[in-house]
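Fold and contact review
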Amino acid sequence: MSRPTMARPSMAHSYMAHSYMAPWPLVMLAAPLLPFAAQDGAALYLPQIPAALALFALTVATILARRLPGSALGEALLLLAGVAAAYAAPLVLLRQGHALAQAGGLWLYLTGATLLLWRVLALLAGVAGPARLAGPALFGLALVMLWEILTRGFQVPTILLPPPGLVATAFAANAADLWDDFRQTVLISVLRGYLIGCGAGFLVAILADRVPFLARGLLPLGNLASAVPVVGIAPIMVMWFGFDWQSKAAVIVVMTFFPMLINTLAGLQSAERIQLDLMRSYGAGYWRTLAMLRLPCALPFLFNGLKINSTLALIGAIVAEFFGTPVVGMGFRISTQVARMNLDVVWATIAVAALTGSLLYGALALAERHVTAWHPSFRKR
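The paragraphs below set out a description of the structure included in this document. (Residues numbered from 1 in each chain as written. Predicted model: local features only at pLDDT ≥ 70, side-chain atom pairs only at ≥ 80, totals over all residues. Heavy atoms only, no water.)

**As for a nonpolar patch on the surface**
- Judged by side-chain polarity, Leu-150, Phe-154, Val-156, Ile-159, Leu-160 and Met-341 come together as a nonpolar surface patch covering roughly 560 Å² of accessible area.
- For Ile-159, the location among the structural elements is in the loop between α5 (134-153) and α6 (164-173).
- For Ile-159, a relative accessible area of 44% gives the class partly exposed. (Patch = residues over 30% accessible without salt bridge, like charges linked within 9 Å, V, L, I, M, F, W, Y side chains within 5 Å. Areas by Shrake-Rupley, 256 points an atom, 1.4 Å probe, with all protein chains shown as cover. Salt bridge = Lys/Arg side-chain N within 4 Å of Asp/Glu carboxyl O. Helix = DSSP H or I, 4+ residues; strand = E, 2+ residues; numbered from the N terminus. Buried < 20%, exposed > 50% of the residue type's maximum accessible area, 1.4 Å probe, protein only.)

Take a look at the structure:
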């Protein structure tokens, strides 16, 4: 007699089981009771501003109709339209010349929309396929939009924090200089120092693993070097190697050598005892065991060191450029433009550095995904 099989729940049933939404986004329903903007010192309420009223009605309508698509992706897209309408409202009001600093209703509306965005991100996290990748992008875009809205709505002085729109304008106006800075800092200094530092750390780790007393002597030095601030190393390296890329690469080597050394040593020791005994039973020597067992087991640790060093290298190069560099480079641009109070150019340079660091880290994470997909530590993620 065959055993009855239980039917797996369909995606529709799974979605309906998790379709409950927390009530916190509904705080926006109290927004019409408070001022939504101000004009010539007089408070304006939502019915007095047709454009804001239409956007508010659109957001509420998406909440009421959120279950109509019948799927998590459909609900996420519908609610996202309501969030976009809420984030567009203050920008529309600012363009119409309204003041928003005392607009309690508008800020309550935005608070509810941000809580609604939380629901959208939670839905996208449970969706399979490429749509799942939209969550992190939406989160970053929401932060930029809130930055723009808050700085312009509360009229924050640009010398303290310029809005992203002004930073984008400065980026476009100084694109040639920013490219020269990127080439000098990243393509010349960071890549060379990163390859030398990580390569030296890896090779010395292999040597220290072969000679145990060397590892016992290097690890305390690694802890000591990690405690030395980069602002203490950079001026010394500039005095030793001059103002060109060599001094920046030297700072990067000092910053990246020991993290790579420590991670490589930890990875080489991660092989299990039963695996090592099996290699010995096959008559494998040190180098064969290293190549066929210990290095593959150490790959997650190696990539961990590479990812850590990708950000350390960029930070080290930029800080080192504060202490002497040719008239080009991200650190040089930041120091000179701060002195001139051109904070929009400073933030444009910071944006280039942040984007570069994120792309380097993401490229290494993608390489790790392809190289270590077989590793048990990766399959558990």
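Anyway, onward from the coordinates.
**Considerations on the pattern of salt bridges**
- The full count for this structure, using the stated rule, is 6 salt bridges.
- One salt bridge connects Asp-180 with Arg-183, and the closest N-O pair in it is separated by 3.9 Å. Of this pair, Asp-180 and Arg-183 both sit in helix α7 (residues 175-210), 3 residues apart, which is roughly one turn of the helix.
- Close ionic contact of Lys-307 with Glu-368 constitutes a salt bridge, the shortest N to O distance being 2.8 Å.

**A look at the side chain of Thr-256**
- If you trace the backbone, Thr-256 turns up in helix α10 (residues 245-268).
- Reaching out from Thr-256, the side chain makes a polar contact with the backbone oxygen of Ile-252 at a distance of 2.7 Å.
- In contact with Thr-256, not counting residues within four places along its chain, are Gly-193, Gly-197, Cys-198, Asn-309 and Ala-313. (Polar contact = N/O pair within 3.5 Å; in protein donor to acceptor, adjacent residues only side chain to side chain. Contact = heavy atoms within 4.5 Å.)

**As for the nonpolar core**
- Formed by 38 residues in total, the largest nonpolar core has its most connected members in Phe-36, Tyr-87, Leu-93, Leu-106 and Tyr-109.
- Here this core gets 11 residues from one element, more than from any other, and that element is helix α4 (residues 104-125).
- One finds Ile-252, Leu-290, Ala-313 and Ile-318 within the second-largest nonpolar core, a separate group that totals 30 residues. (Core = buried A, V, L, I, M, F, W, Y, C linked by side-chain atoms within 4.5 Å.)

**Describing unusual backbone geometry**
- Look at Asp-40: it is not a glycine, yet its phi comes out positive at around 55°.
- Tracing the sequence through the fold places Asp-40 in the loop between β1 (37-39) and β2 (42-44).
- Note on Asp-40: relative accessible area 77%, which makes it exposed.
- Positive phi values are uncommon outside glycine, yet Met-341 reaches one of about 65°.
- Within the secondary structure, Met-341 is located in the loop between α13 (330-339) and α14 (343-371).
- When its relative accessible area of 53% is taken as the criterion, Met-341 is described as exposed.

**What to know about the packing of α6 against α14**
- As a packed pair, α6 and α14 sit with axes 8 Å apart at the nearest point and diverge in direction by 80°. Classified by the angle between their axes, α6 and α14 sit roughly perpendicular to one another. Facing α6, whose interface residues are Leu-166, Val-167, Ala-170 and Phe-171, α14 presents Asp-344, Val-345, Trp-347, Ala-348 and Val-352.
- Its residues placed into classes, the contact of α6 with α14 shows 8 nonpolar, no polar and 1 charged. (Axes fitted to C-alpha atoms, helices over the stretch in contact; angles between N-to-C directions. Parallel < 35°, antiparallel > 145°, perpendicular 65-115°, else oblique. Nonpolar A, V, L, I, M, F, W, Y, C, P; charged D, E, K, R; others polar.)

**Some thoughts on the packing of aromatic side chains**
- Evaluated as defined, the whole model comprises 7 aromatic pairs.
- Residues Trp-107 and Phe-154 carry aromatic rings whose centres are separated by 4.7 Å and whose planes lie at 15° to one another, so their mutual orientation is stacked. Placement of Trp-107 in helix α4 and of Phe-154 in the loop between α5 and α6 is noted, with a sequence separation of 47 residues between them.
- Trp-107 gets classed as buried once you look at its relative accessible area, which sits at 14%.
- Note on Phe-257 and Phe-258: the rings are 4.9 Å apart at their centroids and 90° apart in plane angle, and the pair reads as edge-to-face.
- An aromatic cluster is built from Phe-36, Phe-56 and Tyr-109, whose rings are joined through pairwise contacts.
- Positioned above the aromatic ring of Trp-245 is the side chain of Arg-192, whose terminal nitrogen or guanidinium carbon lies 4.4 Å from the ring centre. (Phe/Tyr/Trp six-rings, centres within 6.5 Å; stacked < 30°, edge-to-face > 60°. Lys NZ or Arg CZ within 6 Å of the ring centre and 35° of its normal.)

**Digging into the environment of Glu-368**
- On the secondary structure map, Glu-368 appears in helix α14.
- Its relative accessible area of 3% is what places Glu-368 among the buried residues.
- Here the alpha-carbon distance between Glu-368 and Leu-299, two residues 69 residues apart in the chain, equals 8.2 Å.

**Comments concerning the environment of Phe-213**
- Inspection of the secondary structure puts Phe-213 in helix α8 (residues 212-227).
- You can call Phe-213 exposed: its relative accessible area is 58%.
- In this structure the C-alpha to C-alpha distance between Phe-213 and Arg-95, which are 118 residues apart in sequence, comes to 69 Å.

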